[in-house]
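Report on the structure
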Amino acid sequence: MQNVSTTASFGGTLSVYDHASEVTGTDMRFAVFLPPQAKDGPVPALTYLSGLTCTWENVMSKAGLQGWASELGLAIIAPDTSPRGSDVADDEAYDLGQGAGFYLTAREMPWATHYKMDEYITEELWALVHDQFPLNPARHGIFGHSMGGHGAITLHLKHPEKYKTCSAFSPITSPAQVPWGQKAFTAYLGEMNPLWELYDATEIVQERQTRAHILIDTGDADQFLSEQLRPDLFETACKTHGQALTSRLQPGYDHSYYFVASFAEDHIRHHAAGLT
């Protein structure tokens, strides 16, 4: 790893690192917030997955997570949203290509060469941060926003032994049934086929439930609510198949980081309670 920067934050440190990823075949950048409690030994950790067009920086500079994480003694790991570089496939649209990895392993070219974000996060990055930082691997949760909420819920459902707690802000919970997901899945996975079900939370939860209580917040003024997010589909699937879920529609809130920051404390406390 190469340290890009380290900054004091809420009594702890916010550090940014680059490393050469064997999984993606590119250099990857991620951020780590370590609370002051990490000076005394391993602490619980949360992986935060960002949404379309974002990097590690959006959440660390806009959401205010570090303050609550410092109070409760939680580390936060914030990876990028896709591989990047001049030789990495891209698209002119904001919702495909670099910045829009959708936390899956692409099977179609040219994407399949580098776009392996689920493997990167659950295997390579997981091993790296637990080797290099004072984190407790038995107390690790995951959350995210929008596309990152999609990633957080799917990775939790598929890897509950790693990610013990889960929450999401404005997640795309049924990507196979909405335009954002259909566009990305067609490009990365091919025309509709059984692979789509492996990356759709509404489909996964029908086959796999976890012991966690998932928390979701979405704004009722979110401009993407009815067309792209459809939390009602995931709510129905969870109720039908016995997955514990609290899904709240927050009046007046949109899709922005003003919304995320408004409920950041609730989510950090949700994870802290589940990781005790």
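Right, let's walk through the structure included here. (Residues numbered from 1 in each chain as written. Predicted model: local features only at pLDDT ≥ 70, side-chain atom pairs only at ≥ 80, totals over all residues. Heavy atoms only, no water.)

1. Quick look at the pattern of salt bridges
- If you walk through the whole model with that rule in mind, you get eight salt bridges.
- Among the salt bridges present, the one from Arg269 reaches Glu71, with a minimum N-O distance of 2.8 Å. Taken together, the residues span a long stretch of sequence, with Arg269 in helix H10 (residues 264–274) and Glu71 in helix H2 (residues 65–72) at a distance of 198 residues.
- Classification of Glu71 as partly exposed rests on a relative accessible area of 46%.
- A salt bridge links Glu265 to Arg269; the shortest N-O distance between them is 2.8 Å. Separated by four residues within a single helix, Glu265 and Arg269 lie in helix H10, roughly one turn from each other.
- A network of salt bridges, in which partner residues are shared, links Glu71, Glu265 and Arg269. (Salt bridge = Lys/Arg side-chain N within 4 Å of Asp/Glu carboxyl O. Helix = DSSP H or I, 4+ residues; strand = E, 2+ residues; numbered from the N terminus. Buried < 20%, exposed > 50% of the residue type's maximum accessible area, 1.4 Å probe, protein only.)

2. Some details on the nonpolar core
- Core analysis: the largest hydrophobic core is formed by 61 residues, its most contacted members being Phe30, Phe102, Leu135 and Tyr188.
- Here Tyr188 is in contact with Leu96, Gly97, Ala100, Gly101, Phe102, Leu104, Ala106, Arg107, Glu108, Trp111 and Tyr115, once residues within four sequence places are set aside.
- Counting 26 residues, the second largest nonpolar core, distinct from the first, contains Trp56, Tyr257, Phe263 and Leu275. (Core = buried A, V, L, I, M, F, W, Y, C linked by side-chain atoms within 4.5 Å. Contact = heavy atoms within 4.5 Å.)

3. Focus on unusual backbone geometry
- Note the cis peptide between Met109 and Pro110, where omega equals 5°.
- Mapped onto the fold, Pro110 is located in the loop between strand E5 (75–79) and helix H3 (117–132).
- Within the chain, Arg230 stands out as a residue other than glycine whose phi angle is a positive 45°.
- Since its relative accessible area comes to 27%, Arg230 is described here as partly exposed.

4. Topic: the environment of Val205
- Inspection of the secondary structure assignment puts Val205 in the loop between helix H6 (201–204) and strand E8 (214–219).
- Between the alpha carbons of Val205 and Ala237 there is a distance of 6.8 Å; along the sequence they are 32 residues apart.
- For Val205, the contacting residues outside a window of four places in its chain are Leu157, Phe234, Ala237, Cys238, His241 and Gln243.

5. Some details on H3
- Largest kink in H3: about 40°, centred on Leu125.
- Restricting attention to buried positions, one finds in H3 the residues Met117, Asp118, Tyr120, Ile121, Thr122, Glu124, Leu125, Trp126, Leu128, Val129 and His130.
- Packed against the buried residues of H3 are strand E2 (12–20), strand E3 (27–34), strand E4 (43–49), E5, strand E6 (135–145) and helix H4 (147–158). (Bend = angle between axes of the 7 residues up to and from the residue.)

6. Structural notes on the pairing of E3
- Of all eight residues that make up E3, six are buried, and the element is covered over most of its length.
- Counted between consecutive antiparallel strands, the loop separating E2 from E3 contains six residues, among which Gly25 sits at a positive phi close to 70°.
- Where E3 and E5 come together, four bridges link them in antiparallel fashion. Residue pairing across strands places Phe30 opposite Pro79, the latter belonging to E5. (Pairing = 2+ DSSP bridges.)

So, to be careful, I would describe these as geometric facts and stop short of saying anything about function.
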